Amino acid sequence: MKNKQAIGIFDSGYGGLTVFKSIVQKLPQYNYIYLGDNARAPYGDHSFETIYQYTLECVEWLFAQGCPLVILACNTASAKALRSIQQNVLPFKYPNHRVLGVIRPTAEIVGDFTESKRIGVMGTRGTINSESYLMEINKFFPEIKVAQQSCPMWVPLIENDEHLHEGADYFVNKYVDQLLAKDDEIDCIVLACTHYPLLIPKIVAALPAHISVLGQDDIVANSLALYLEKHTEIEAKISKEGYSQFFTSGDPQAFDASASIFFGKEIVSSHASYVK
């Protein structure tokens, strides 16, 4: 896609493909480049400094491919790197580029899904420990009480295609029970990891009927559509041929074999040789 500008979609691995799938369905006219940093995934247990460095390298790689706008379709990267990139890198090095995350769009609307004003947030250790959801939700809905639960086994289950098998039930029930033990008035759960929509059938089965489950795929797609409407100077730069490319820092064949689980159809990726 030389000389053509695209929207960049970044994730540490596969999970961002669930968000990308919804974005393409909502906004099929644009060109896209997806990058999964599979060689260094998962990000969830890495330090702040490591996640920031990895994310910045990937964002700059996407900039170099002609992406004036990059979506961090990864909660861990959004929690631990987005703010620093937006404040400390873009104004000085890339003033005409933009980077957006997945936490703020979710926090902005979560109040519409709870009557009890009690919600749960389930994510990786990195996302939960950052307390980014607590801070963002408090900005928009200070009256809402948030309980958090890390789910370290969910991503490995999904990436090994075990998420719909009976063996996954134990870990789904374990983390759901731990969350509800923290607050029995929760009536909405935010899935704060882009892998987790693939577990929704089991999560819903483990919950009382009155608790809703909020995934991020459609939320982020709708938020991006609104962003492009408001920021015509960015929207005008994006090529509109409905063309997508996929890249991974890992092995393309291995990536392609698992990507269809998340994206819903077969894809063919290329290797991104930016890892230092």
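Residues numbered from 1 in each chain as written. Predicted model: local features only at pLDDT ≥ 70, side-chain atom pairs only at ≥ 80, totals over all residues. Heavy atoms only, no water.

Draft legend 1. How the structure looks around the domain arrangement of the protein chain. The domain architecture assigned to the protein chain consists of domain 1 (7-101 + 218-271) and domain 2 (105-216). Each of domain 1 and domain 2 was reduced to a C-alpha centroid, and the two centroids are 22 Å apart. Taken over both partners, the interface formed by domain 1 and domain 2 buries close to 1800 Å², and the fraction arising from carbon and sulfur atoms is 58%. On the domain 1 side of the contact with domain 2, Asn75, Ile219 and Ile261 bury the most area, a combined 34% of that side's loss. Seen at the junction of domain 1 and domain 2, the total is one salt bridge. Measuring nitrogen to oxygen at the nearest pair gives 3.3 Å for the salt bridge that ties Arg83 to Glu136. Where domain 1 touches domain 2, the interface holds 14 residue pairs in polar contact (both at pLDDT 80 or more). At the level of elements, helix H1 (16-26), helix H3 (75-80), helix H11 (217-230) and helix H13 (252-263) are the ones that each hand at least two residues to the side of domain 1 that touches domain 2. (Domains from an automatic or database assignment. Buried area = accessible area lost by both parts, 1.4 Å probe. Salt bridge = Lys/Arg side-chain N within 4 Å of Asp/Glu carboxyl O. Polar contact = N/O pair within 3.5 Å; in protein donor to acceptor, adjacent residues only side chain to side chain. Helix = DSSP H or I, 4+ residues; strand = E, 2+ residues; numbered from the N terminus.)

Draft legend 2. Up close: helix H7 (residues 132-140). Residues Ser132, Tyr133, Glu136 and Ile137 constitute the buried set of H7. Taken down its axis, H7 places every buried residue within 115° of arc, on the same side. (Buried < 20%, exposed > 50% of the residue type's maximum accessible area, 1.4 Å probe, protein only. Arc of directions from axis to C-beta.)

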